[in-house]
Amino acid sequence: MLLMSKIQPLWLRLNSAQRGYVVATLFVVLWILNFSSQVWPMYGMALSLLYAVSQDMWQGFLRVWHSLAGKALIIVFYAVLGNFCFAMAEAQVNNLIGIRPDVVPYTVNLTVVLLAPIWSFGLSLVVLTLYIMLHTVKIMLLLLLRPLGVRSHHILNDEAYPVTTLLTRIIYLPVFMTCLAALPSAYLTGDSTPLEDLFHGEPTLLAVTPAGVTRTETTNPPAPTTAEQTASTNDSKRHEINVGSALPTILWLNRTLAGFLYQVESLSRSSCPMTGPEHLVHINDYEVLVITPNEKAETGYQYQVRLCGSVGYRQPAPLPPQS
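So, here is what we can say about the structure in this document. These figures come from a predicted structure and were not determined experimentally.

This part covers the overall build of the protein chain. For the protein chain, the count of helices and strands is nine helices and seven strands. Element-wise, carbon and sulfur atoms account for 66% of the exposed surface of the protein chain, whose accessible area totals about 20200 Å².

Here we take up the packing of aromatic side chains. In the structure shown here, the tally under the stated rule is six aromatic pairs. Geometrically, the ring pair formed by tyrosine 21 and tyrosine 172 is stacked, given 6.2 Å between the ring centres and 10 degrees between the ring planes. Of this pair, tyrosine 21 sits in helix 2 (residues 16–33) while tyrosine 172 sits in helix 6 (residues 162–189), and the two are 151 residues apart along the sequence. Look at tyrosine 21 and you get buried, because its relative accessible area is 3%. Geometrically, the ring pair formed by tryptophan 58 and phenylalanine 61 is stacked, given 5.5 Å between the ring centres and 20 degrees between the ring planes. In this pair, tryptophan 58 and phenylalanine 61 are both assigned in helix 3 (residues 40–65), three residues apart and thus about one turn of the helix distant. Members of the aromatic cluster, connected to one another through ring pairs, are Trp58, Phe61 and Trp65.

With 30 residues, helix 4 (residues 68–97) should reach 44 Å at 1.5 Å per residue; the first-to-last C-alpha distance of 44 Å fits that figure. Where helix 4 ends, the next residue or the one after it, glycine 98, has phi of about 85 degrees, a positive value.

Two numbers describe a pair of packed helices, the interaxial angle and the distance between the axes. Packing of helix 3 against helix 4 brings their axes to within 6 Å, and their N-to-C directions diverge by 115 degrees. Judged by the angle between their axes, helix 3 and helix 4 are roughly perpendicular. Only Gly70, Lys71, Ile74 and Ile75 of helix 4 make contact with helix 3, whose side of the interface consists of Phe61, Val64 and Trp65. Split by residue class, the contact of helix 3 with helix 4 holds five nonpolar, one polar and one charged.

Taking 1.5 Å of rise per residue, the 15 residues of helix 9 (residues 251–265) would be expected to cover 21 Å, and the 20 Å separating its terminal C-alpha atoms lies within 8% of that figure. Along helix 9, the residues classified as buried are Leu251, Leu253, Asn254, Leu257, Ala258, Gly259, Leu261, Tyr262 and Glu265.

Take the sheet that holds strand 6 (residues 287–293) next. Ordered by their spatial adjacency, three strands build an open sheet running 5-6-7, and the pairing between neighbours is antiparallel. If you trace the sheet from one side to the other, it starts and ends with strand 5 (279–282) and strand 7 (301–307), each paired once. Going across the sheet, the axis of each strand differs from the next one's by a mean of 25 degrees, ignoring polarity. As judged from the seven bridges shared by strand 6 and strand 7, these two strands associate in the antiparallel manner. Its bridge partner being in strand 7, glutamate 287 is matched across the sheet by leucine 307. Contacts between helix 9 and the sheet are confined to strand 5, strand 6 and strand 7, with strand 7 contributing the most and set at about 50 degrees to the helix.

Quick look at the pattern of salt bridges now. Pairs can form between side chains of opposite charge whenever their charged atoms are close. According to the stated counting rule, one finds three salt bridges in the structure shown. Here arginine 100 makes a salt bridge to aspartate 102, at a shortest N to O gap of 2.9 Å. Given the relative accessible area of 42%, arginine 100 is considered partly exposed. Owing to a relative accessible area of 51%, aspartate 102 belongs among the exposed residues under this scheme. Residues glutamate 278 and arginine 306 are paired through a salt bridge, measuring 2.9 Å at the closest nitrogen-oxygen approach. Of this pair, glutamate 278 sits in the loop between helix 9 and strand 5 while arginine 306 sits in strand 7, and the two are 28 residues apart along the sequence.

Calculation criteria
Residues numbered from 1 in each chain as written. Predicted model: local features only at pLDDT ≥ 70, side-chain atom pairs only at ≥ 80, totals over all residues. Heavy atoms only, no water. Helix = DSSP H or I, 4+ residues; strand = E, 2+ residues; numbered from the N terminus. Areas by Shrake-Rupley, 256 points an atom, 1.4 Å probe, with all protein chains shown as cover. Phe/Tyr/Trp six-rings, centres within 6.5 Å; stacked < 30°, edge-to-face > 60°. Buried < 20%, exposed > 50% of the residue type's maximum accessible area, 1.4 Å probe, protein only. Expected span 1.5 Å × (residues − 1). Axes fitted to C-alpha atoms, helices over the stretch in contact; angles between N-to-C directions. Parallel < 35°, antiparallel > 145°, perpendicular 65-115°, else oblique. Contact = heavy atoms within 4.5 Å. Nonpolar A, V, L, I, M, F, W, Y, C, P; charged D, E, K, R; others polar. Pairing = 2+ DSSP bridges. Salt bridge = Lys/Arg side-chain N within 4 Å of Asp/Glu carboxyl O.

Structure, rendered in structure tokens:
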């Protein structure tokens with residue numbers, strides 16, 4: 001009871017972000033006391049840091065948003081980011097179907113939604129890098145201006161234990177960035193192994209080859225290939241990212257988009273002649289994009305542009321003979 005009576009006033013003086021950092025520190029202590037044998041304290045630390053950093057960044061966002069210049073900067077930034085998101089989504093759909101993507105707007109919108117986490121991870125890493133640089137500058141100013149009599153409250157935020165909190169942020173933010181940097185790879189490949197290796201202390205390397213991105217273990221020597229390893233290799237190929245072109249080909253994303261395009265956005269019935277399981281999308285008055293299921297295709301479907309062939313559509317005039 002005596003200990004709680006001393007801790008409670010200190011706890012109440014802390015803001016939400018500071019409490020998150022304290023909880024993260026407690027999880028680190030538990031992890032050390034367990035001699036690194038248990039992994040769950042590391043997951044607890046990651047969740048606590050996520051909460052603390054989110055609170056910190058949200059308060060900073062509110063301070064910027066409440067100024068006129070800050071609102072203008074945020075709106076312009078998100079407008080530019082949204083333009084890049086739609087451009088990348090259209091390029092991804094164009095690589096999939098082979099024609100201009102404006103004929104399948106719902107598939108493009110779905111691509112934007114599925115690629116949004118990648119932009120969020122990248123934006124978060126950039127903002128956190130700037131945030132760490134800001135706190136590093138604060139530390140330098142404290143060390144340089146303290147002999148001149150400039151107190152910390154002129155530089156630091158108005159919060160309890162500002163110097164200790166500043167040092168805590170400088171220590172923990174790079175740790176949080178390391179965890180956050182593993183998320184894009186896990187999301188793009190559809191494989192959570194990079195995150196598991198990070199918490200288990202088994203680092204992996206991503207080897208970029210013309211065929212795609214493969215994982216290379218750095219801690220264990222190669223072992224003879226077995227039937228289970230062969231099956232595991234074949235399974236990992238489904239999560240492969242092809243980097244042979246300027247725009248990465250994310251296999252799971254293309255399969256999701258192809259299934260959505262065939263099952264939802266394309267037409268199963270039309271005045272244009274269709275055979276078997278074919279679906280189509282009208283390109284213009286003369287041409288259609290025909291989608292046919294094909295188990296041998298990488299995405300499960302093949303695409304072909306052909307004339308509509310319906311009597312209800314005016315057929316294009318034949319080209320003049322070449323002289």
